[in-house]
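# Coordinate analysis (summary)
Listed below, chain by chain, are the residues.
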Amino acid sequence: MKDLRLVRYLVLCSLVLGLIPSSVYAYERPYSLSVLGEYGFSTTWQHFGGCELKAYLPLNPNVEMEAEAEGLSSDSYTLSATLRPKFALPVGEMFVDASLLYTSARRTATHDFVGALSLGYRMDYVSLQLGCFTQTLAPYRRTWNSNDSYVIDPFNLLYRISVNVRPLCERWNVYFGFSNYSELQYERMWQPLFFICAYYDFPPQSNFEYEYNPASHFRLLAQLWCKPTGMFHLDASFYGVKVKLGFAYKF
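Here's a quick rundown of the structure. (Residues numbered from 1 in each chain as written. Predicted model: local features only at pLDDT ≥ 70, side-chain atom pairs only at ≥ 80, totals over all residues. Heavy atoms only, no water.)

### Considerations on the overall build of the protein chain
A tally of helices and strands in the protein chain yields two helices and 14 strands. Considering the protein chain as a whole, with its 251 residues, one finds that 34% of them fall into the buried category. Carbon together with sulfur atoms contributes 67% to the accessible area of the protein chain, which is approximately 15,400 Å² in total. (Helix = DSSP H or I, 4+ residues; strand = E, 2+ residues; numbered from the N terminus. Buried < 20%, exposed > 50% of the residue type's maximum accessible area, 1.4 Å probe, protein only. Areas by Shrake-Rupley, 256 points an atom, 1.4 Å probe, with all protein chains shown as cover.)

### Observations concerning the sheet that holds strand β3 (residues 63–72)
Here 12 strands make up a closed barrel; going around it, the order is β1-β2-β3-β4-β5-β6-β7-β8-β9-β12-β13-β14 and the pairing antiparallel. Shown here is a sheet whose adjacent strand axes are inclined to one another by a mean of 20°, direction ignored. Note that strand β7 (residues 126–139) and strand β8 (residues 151–164) share 11 bridges and pair antiparallel. Among the inter-strand pairings, Ser-127 is bridged to a residue of β8, identified as Ser-162. (Pairing = 2+ DSSP bridges. Axes fitted to C-alpha atoms, helices over the stretch in contact; angles between N-to-C directions.)

### A word on the pattern of salt bridges
All chains considered together, the criterion is met by 16 salt bridges. Between Lys-227 and Glu-187 there is a salt bridge, with the nearest N and O atoms lying 2.6 Å from each other. Remark: Glu-187 occurs in the loop between β11 (185–186) and β12 (193–201) and Lys-227 occurs in strand β13 (residues 218–227); sequence separation between them is 40 residues. Residue Glu-187 is classed as buried on the basis of its relative accessible area of 12%. Within the structure, one salt-bridge network assembled from shared partners comprises Lys-54, Glu-64, Glu-66, Arg-84, Lys-86, Glu-93, Asp-97 and Arg-122. (Salt bridge = Lys/Arg side-chain N within 4 Å of Asp/Glu carboxyl O.)

### Side note on the layout of surface pockets
Taken as a whole, the second largest pocket holds about 1,100 Å³ of empty space. Along the walls of the second largest pocket sit 39 residues, with Trp-45, Gln-185, Glu-187, Lys-227 and Tyr-239 positioned nearest its centre. The dominant element in the lining of the second largest pocket, judged by the number of residues it contributes, is strand β14 (residues 240–250), at four residues. (1 Å grid on protein atoms, 1.4 Å probe; cavity = no way out; pocket = protein on both sides within 12 Å on 5 of 7 lines; lining within 4 Å. Points joined across faces, edges and corners; volume = space filled by probe spheres on them.)

### Observations concerning the packing of aromatic side chains
Throughout the structure, instances matching the rule amount to 10 aromatic pairs. Ring centres 6.2 Å apart and planes at 65° place the aromatic pair Tyr-159 and Phe-178 in the edge-to-face group. Placement of the pair is Tyr-159 in strand β8 and Phe-178 in strand β9 (residues 172–179), with a sequence separation of 19 residues. For Phe-178, a relative accessible area of 32% translates into the label partly exposed. A ring pair is formed by Tyr-249 and Phe-251, whose centres lie 4.9 Å apart and whose planes are at 80°; its orientation type is edge-to-face. Owing to a relative accessible area of 29%, Tyr-249 belongs among the partly exposed residues under this scheme. In this structure, Arg-219 is placed above the aromatic ring of Tyr-199, and the distance from its NZ or CZ to the ring centre is 3.8 Å. (Phe/Tyr/Trp six-rings, centres within 6.5 Å; stacked < 30°, edge-to-face > 60°. Lys NZ or Arg CZ within 6 Å of the ring centre and 35° of its normal.)

### Points about a nonpolar patch on the surface
Together, Val-35, Leu-53, Trp-172, Tyr-200, Phe-202, Phe-218, Leu-220 and Phe-247 make up an exposed nonpolar region whose accessible area comes to about 700 Å². With respect to the helices, strands and loops of the structure, Val-35 is situated in strand β1 (residues 32–42). (Patch = residues over 30% accessible without salt bridge, like charges linked within 9 Å, V, L, I, M, F, W, Y side chains within 5 Å.)

### Focus: the pairing of strand β5 (residues 93–105)
Alignment of strand β4 (residues 76–88) against β5, held across 11 bridges, turns out to be antiparallel. Counterpart to Tyr-77 in the pairing with β5 is Ser-104. Turn length for the β4-β5 hairpin, with the two strands adjacent in sequence and antiparallel, is four residues, and the turn residue Gly-92 shows positive phi of about 80°. The pairing of β5 with strand β6 (residues 110–122) spans 13 bridges and is antiparallel.

### Focus: unusual backbone geometry
The phi torsion at Asp-75 lies on the positive side, around 65°, for a residue other than glycine. Relative to the helices and strands, Asp-75 resides in the loop between β3 and β4. On the basis of relative accessible area, Asp-75 is assigned to the partly exposed category, the value being 27%.

### Describing the pairing of β6
The turn joining β5 and β6, which pair antiparallel and follow one another in sequence, is formed by four residues; a positive phi near 55° is taken by Ala-109. One ladder, built from 13 bridges, connects β6 with β7; its direction is antiparallel. Within β7, the position partnered with Ser-118 by the bridge is Gly-131. Linkage of β6 to β7, two consecutive antiparallel strands, is achieved through a turn of three residues.

Below is the structure:
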């Protein structure tokens, strides 16, 4: 009988200790679903619009996942997924990004497949990332014995530098930087994308909600992306710009 009580006590303690970290982690890095409307212009597609959906899923305190989908009026559709193990350091954290991307460009009748692997380090104000990716472009309806050509880029350098105006835990923030990739687009290393983004968390609607969970459920998002061409060849002629506006709901 005493052994049974001891077992019950140990099970109860395990449940309590297991719930405490999960609730703290849910507050610091909650699940979220984002919806953004897009407007863009480029010398290739002229004016275009679209919609982007993004899901953020923290699987556990050391692993998180992101999944995105985008549809554009230029008849381009993209799916991407990222698995991100991370490791806390005395200052900041280190992470590894393993990403897959697929784009169907119907206007040019091509498929775009990308696989990327990178190592990153982020602190409150600065985030750095370096890695590589491989890319394959293939035409529609191509079979193994087809004479249609396809292009494989086995190695491309991947990089990203981002600077925050405020620490990550603040209710609003602005961050900017440059990179040769976004979650929905990969470019060669001499074609960087410049970006400036901002977010604002709406305050909770009641004091009760604030005491239960001081983090807001709704976040307003704004992004501006610009891609000039030939940056490292002294020919920075305009290539394209994209504006994104939307919101995220955090669970």
